[in-house]
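The primary structure of each chain is shown beneath.
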Amino acid sequence: MAWQLHYTSARRGPTGRAGFQFVAETPGLPDGVRAGVTPYLSYRPPPDAPPSPDDSELARFPVSLLYDRVDGRPLLLRCSYLGRDYSGRYGNFFGHAVVAEPDELEGVRPAELWNAPHWTHRPAPETPVLEALDELTPGAALDPEALAAWLAVSGPGDPYALLGHLVDAVAGVLGRGHGRVVLVADDVELIARWIAVVSYSLPVAAAARLSFVTYTADPDGAAQRLVGTTPAIWAGAQHHASHASAFDLRKGVPDGAASRFARTVAGCWRGPDFAGLDALAELAPLNDPAQEAAAALLALCRGDATVTAAEEGAAAELLSRRGSGIPEWVWRDLVPGVPSMGLDLALALHERARAAGAAEVARQCSLRVTERVSDALAGASDITEVAAAAGIAGRAGVRVDPADVAASAARCARRGDGDLGAALGACPAELRDALLDGVLAGLGAAGERERAALLTPGNCDLLYAHAERLRAVPSVASSVLASVGRRHPGRRIPVTGELLRLDGDPGVDAALGEVWAEPPSAGECADLLDAHGDAVAGRPALAGLPSRTFTRLAFPGGDGLTEPAALRLAERVREVVPGGRAGRDAALVQAYGKAITAGPARAARALDDIAAADGATPQLAGEAFVGAARRLCRRPPAFRAELLAALSPPARARLGERWTAELPGRARAGRAPLRGGEVEQRNELVEVVLRLKARGVSEPALEAWVRSAATRWLAAKQLDAHLARSPRLRAELRDLLGDGPSPRGGR
């Protein structure tokens with residue numbers, strides 16, 4: 001039910017006093033209603049209105065219809081100017097207020113009550129008691145059909161464009177919860193019509209929140225969201241509120257573009273398409289973030305070709321978010337628009353249509369997705385876009401020709417663009433081989449700069465995992481394998497195997513050289529021979545690896561040549577590649593082992609082989625001889641003398657030179673005094689020379705050194721003590737010294 005109240009200036013009201021007061025009301029008003037209504041009861045004529053109007057002029061004064069809420073109840077208040085009051089003074093007005101229960105306006109927009117039959121236009125002093133209203137019946141003048149017919153011929157300018165701007169402005173103030181929209185016109189009937197059109201444009205719940213007043217003399221102070229006033233009042237307002245949007249209905253459309261939602265609303269009025277307005281409300285409430293998406297979706301249902309790609313994306317998101325909550329009519333109405341849809345929307349629609357059992361929509365979308373995937377493949381700018389298009393096809397369950405995927409990927413790869421890892425991750429499993437084939441084909445046809453741009457370390461590692469497909473494009477495979485082998489030492493042997501499979505490709509030798517730029521360890525080199533020994537000799541980059549490994553092990557002083565892995569490698573080299581430098585270096589390594597471990601005779605033969613170094617790596621042979629000499633220098637003098645005696649003269653002279661070089665500087669130069677260890681080293685080498693001489697073998701350089709080292713008095717005394725138990729060697733020393741210059745005296 002609804003309660004009524006009448007308000008005007010009376011000589012004597014129900015309370016017995018004179019002046020403005022409630023002169024009639026419905027019995028049983030809820031507490032607080034009268035006090036809640038009172039602040040809204042005011043009317044001030046426009047400033048350009050006649051100050052002393054007659055009856056005909058009074059009819060032209062604007063009527064104020066206000067809608068707001070009082071303590072949660074809807075308030076409808078109609079105020080009209082009466083002119084004189086009971087005393088003859090001007091300024092009197094009559095207000096008729098209706099306060100309803102909250103559910104009384106269900107399904108009714110307050111603006112419909114502009115000319116409702118329950119309104120009383122003048123006070124009735126004889127009727128102080130007003131009946132309760134059981135029903136609020138709208139007036140006939142502002143029904144949707146009549147408004148649509150009026151809107152089509154209204155002006156100035158495009159009324160639908162003006163409506164779009166109005167809807168945006170009203171939605172804005174409702175969303176913010178503050179501010180107002182001001183409508184300026186001389187004709188209050190025009191303002192009431194526009195308020196009604198805007199109200200019908202909103203969902204019922206939003207229209208219930210849209211407070212309005214058709215006329216006020218104080219637009220800056222009005223508390224309503226949609227406010228009507230006259231040009232004279234608006235022009236004279238001292239402070240136009242910064243948060244108020246004003247629309248002068250005499251001037252037509254303001255500048256700027258309306259939102260998709262507002263344009264869709266205006267399009268529904270142009271139809272007219274009132275079902276479309278209801279559909280908008282069903283898809284997304286006003287100020288819902290999805291209202292633009294709802295408008296785009298409805299536009300698509302109506303076959304609107306102006307929907308942008310961004311709007312299609314928003315509609316797709318709405319479909320995905322609402323899922324089964326999408327009304328059934330949407331599926332039906334979307335069918336004609338599917339052929340013009342973008343990929344994202346067609347895909348989202350396809351998924352949801354299948355879930356909703358909308359078979360025809362799903363079928364049409366499947367065709368559209370197939371078409372758009374083909375377009376996307378043809379226009380892809382890099383391989384990730386190729387994979388994305390293939391992924392969309394996979395999600396939609398539509399078949400894509402692998403040849404199309406391969407061709408698109410090849411075109412992109414030729415330009416050197418793309419993240420292969422991301423592309424493989426996004427591509428459906430059944431199309432990854434086609435993507436890879438296309439990438440490899442494109443790389444094979446790409447220029448050097450483009451190929452290098454795409455063959456990043458990460459992409460090379462991914463391609464290496466597909467070695468069988470990689471072999472089909474040898475020029476690409478060699479670059480990929482070189483990158484992998486260079487960066488992953490543990491993969492060098494299998495990478496070498498893959499490179500050897502590319503026999504005939506001119507880039508293989510360069511790639512092998514890059515892979516093995518760092519020499520292998522002895523163990524790795526032996527494993528390489530075990531795996532690919534038959535091919536090693538024929539590849540320069542591989543054939544030289546054993547020699548490089550041996551040479552690295554030889555420094556410093558041949559220490560690494562005695563390691564078991566080095567000896568195993570030498571044995572394996574002589575088995576697999578006995579010829580060439582690698583074989584000779586392996587033999588030298590084996591000779592080194594014999595030279596430092598065998599008896600004098602065998603050691604001498606091994607040392608002769610090392611010294612000869614026939615065809616072996618010079619650096620290896622030189623360091624091996626130095627290392628063997630150093631190790632043999634630690635043997636007893638008798639062993640060393642026998643070794644020297646068994647050597648060829650060139651090797652003997654060279655070994656003697658190395659042993660002399662091993663002496664400390666003072667001992668080598670024959671100067672005194674020497675420390676204890678230095679004395680022992682000198683004495684032992686002198687003994688070696690004497691034993692060699694006793695065997696009848698002469699080494700001139702060593703004997704010359706003995707003469708220089710033993711001629712001083714102190715040295716002679718020390719040597720005499722060292723040889724005290726060997727009279728024969730003492731005699732050899734005297735004989736040797738007697739052959740040369742006489743010993744000098746002194747210590």
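Summing up its helical and strand segments, the protein chain has 38 helices and nine strands in all. C-alpha extents for the protein chain along the principal axes are approximately 170 × 65 × 45 Å. Classification of the 747 residues of the protein chain by burial places 52% in the buried group. Look at the contacts in the protein chain between residues 6 or more apart in sequence, and 67% of them connect residues 24 or more apart. When the accessible surface of the protein chain is split by element, carbon and sulfur atoms take 51% of a total near 32,500 Å². The distance from the centre of the 83 positive side-chain charges to the centre of the 90 negative ones in the protein chain is 16 Å.

Moving on: the pairing of strand S6 (residues 180-184). With five of five residues buried, S6 lies mostly within the body of the structure. As paired strands, S6 and strand S8 (residues 226-229) are joined by four bridges and run parallel to one another. Counterpart to Val182 in the pairing with S8 is Val227.

A separate point is the layout of surface pockets. Quantified by volume, the largest pocket comes out at close to 320 Å³. Around the largest pocket, the lining comprises 18 residues; the ones closest to its centre are Tyr40, Ser42, Leu66, Thr216 and Gln224. By residue class, the composition of the lining of the largest pocket is eleven nonpolar, five polar and two charged. Looking at the second largest pocket, its volume works out to about 270 Å³. Elements represented by at least two residues in the lining of the second largest pocket include exactly strand S1 (2-10) and strand S4 (73-84). Per-element tally for the lining of the second largest pocket: the top contributor is S1, with three residues.

The next subject is helix H11 (residues 309-322). For H11, built from 14 residues, the straight-helix expectation of 20 Å at 1.5 Å per residue is met to within 8% by its first-to-last C-alpha distance of 20 Å. Buried within H11 are the following residues: Glu311, Glu312, Ala315, Ala316, Leu318 and Leu319. Seen from one end, H11 has its buried residues packed into an arc of 160°, which puts them on one side. H11 presents Ala309, Ala310, Glu317 and Arg321 as exposed residues on the side facing more than 90 degrees away from its buried surface.

A few words on the packing of aromatic side chains. Aromatic rings considered in pairs are described by the distance between their centres and by the relative angle of their planes. Evaluated as defined, the whole model comprises twelve aromatic pairs. Ring centres of Tyr7 and Phe20 lie 5.9 Å apart, and the angle between their planes is 15°; on these two criteria the pair is classed as stacked. Taken together, the residues span a long stretch of sequence, with Tyr7 in strand S1 and Phe20 in strand S2 (residues 19-25) at a distance of 13 residues. Given a relative accessible area of 13%, Tyr7 falls into the buried group. Above the face of the Phe639 ring, Arg635 is positioned so that its terminal group lies 4.4 Å from the ring centre. The aromatic ring of Trp659 is capped on one face by Arg640, whose charged end is 4.4 Å from the ring centroid.

Turning to a positive patch on the surface, a few remarks are in order. Taken together, the side chains of Arg574, Lys594, Arg602 and Arg605 define a basic patch exposed on the protein surface. Position of Arg602 relative to the elements: it lies in helix H30 (residues 600-612).

Turning our eyes to something else, we now look at the pattern of salt bridges. Counted under the stated rule, the structure contains 30 salt bridges. Its salt-bridge partner being Glu371, residue Arg368 comes within 2.9 Å of it at the nearest N-O pair. Of this pair, Arg368 and Glu371 both sit in helix H14 (residues 359-379), three residues apart, which is roughly one turn of that helix. Residue Arg368 is classed as buried on the basis of its relative accessible area, which comes to 8%. Relative accessible area serves as the criterion here: at 41%, Glu371 is assigned to the partly exposed category. Three or more residues joined by partner-sharing salt bridges are found here, namely Asp530, Arg568, Arg572 and Glu575.

Glancing now at the packing of H14 against helix H16 (residues 402-414). Close contact between H14 and H16 brings their axes to 8 Å; oriented N to C, the two are set at 25°. By the criterion of interaxial angle, the relationship of H14 to H16 is roughly parallel. The segment H14 lies against H16, with Leu377, Ala378 and Gly379 engaging Asp404, Val405, Ser408 and Arg411. Looking at the contact of H14 with H16 residue by residue, the classes come out as three nonpolar, two polar and two charged.

So, on to the side chain of Arg640. Within the secondary structure, Arg640 sits in helix H32 (residues 637-646). Other than its neighbours up to four places away in sequence, Arg640 contacts Leu632, Cys633, Arg635, Trp659, Glu684, Leu685 and Val688.

What follows is about the nonpolar core. Generally speaking, soluble globular proteins have nonpolar side chains that are buried together. Core analysis: the biggest nonpolar cluster contains 244 residues, and Trp269 and Trp659 have the highest contact counts within it. A per-element tally of this core places helix H4 (residues 159-176) first, with ten residues. Dropping the residues within four chain positions of it, Trp269 is found in contact with Pro144, Leu147, Ala148, Leu151, Tyr160, Leu163, Val197, Tyr200, Ser201, Phe274 and Leu277.

Right, let's get into the pairing of S8. Of the two faces of S8, the one carrying Leu226 and Gly228 and the one carrying Val227 and Thr229 are both buried. Across two bridges, strand S7 (residues 212-213) lies against S8 in parallel orientation. Directly across from Val213, in S8, lies its bridge partner Val227.

Residue placement: Phe22 occurs in strand S2. We classify Phe22 as buried; its relative accessible area is 14%. Phe22 sits 74 residues away from His96 along the chain, and the two C-alpha atoms are 9.7 Å apart. Residue contacts for Phe22: discarding those within four places in its chain leaves Leu5, His6, Tyr7, Pro14, Arg34, Val37, Thr38 and Leu41.

This part is about the confidence of the model for the protein chain. Any residue range with low pLDDT should be treated as having predicted coordinates unsuitable for detailed reading. Taken as a whole, the protein chain shows an average pLDDT of 89; of its residues, 97% reach a score of 70 or greater. Considering each helix and strand of the protein chain separately, the mean pLDDT is smallest for helix H13 (residues 343-356), with a value of 72, and largest for S7, with 97. Per-residue pLDDT stays below 50 along residues 740-747; that stretch engages in twelve contacts with residues further than four places along the chain or on separate chains.

On to the packing of H30 against helix H31 (residues 618-632). Across the interface, H30 lies against H31 with an axial gap of 8 Å and an inter-helix angle of 150°. Accordingly, the angle class assigned to the pair H30 and H31 is roughly antiparallel. In terms of crossing hand, the pair formed by H30 and H31 is left-handed. Of H31, the residues touching H30 (which contributes Leu607, Ile610 and Ala611) are Ala621, Ala624, Phe625, Ala628 and Leu632. Here the residues of the contact of H30 with H31 sort into eight nonpolar, no polar and no charged.

Cut-offs applied
- Residues numbered from 1 in each chain as written.
- Predicted model: local features only at pLDDT ≥ 70, side-chain atom pairs only at ≥ 80, totals over all residues.
- Heavy atoms only, no water.
- Helix = DSSP H or I, 4+ residues; strand = E, 2+ residues; numbered from the N terminus.
- Buried < 20%, exposed > 50% of the residue type's maximum accessible area, 1.4 Å probe, protein only.
- Contact = heavy atoms within 4.5 Å.
- Areas by Shrake-Rupley, 256 points an atom, 1.4 Å probe, with all protein chains shown as cover.
- Lys, Arg positive; Asp, Glu negative; His and termini not counted.
- Charge placed at Lys NZ, Arg CZ, Asp CG, Glu CD.
- Pairing = 2+ DSSP bridges.
- 1 Å grid on protein atoms, 1.4 Å probe; cavity = no way out; pocket = protein on both sides within 12 Å on 5 of 7 lines; lining within 4 Å.
- Points joined across faces, edges and corners; volume = space filled by probe spheres on them.
- Nonpolar A, V, L, I, M, F, W, Y, C, P; charged D, E, K, R; others polar.
- Expected span 1.5 Å × (residues − 1).
- Arc of directions from axis to C-beta.
- Phe/Tyr/Trp six-rings, centres within 6.5 Å; stacked < 30°, edge-to-face > 60°.
- Lys NZ or Arg CZ within 6 Å of the ring centre and 35° of its normal.
- Patch = residues over 30% accessible without salt bridge, like charges linked within 9 Å, V, L, I, M, F, W, Y side chains within 5 Å.
- Salt bridge = Lys/Arg side-chain N within 4 Å of Asp/Glu carboxyl O.
- Axes fitted to C-alpha atoms, helices over the stretch in contact; angles between N-to-C directions.
- Parallel < 35°, antiparallel > 145°, perpendicular 65-115°, else oblique.
- Core = buried A, V, L, I, M, F, W, Y, C linked by side-chain atoms within 4.5 Å.
- pLDDT = per-residue confidence, 0-100.
- Left-handed = near helix turned anticlockwise from the far one by under 90°.

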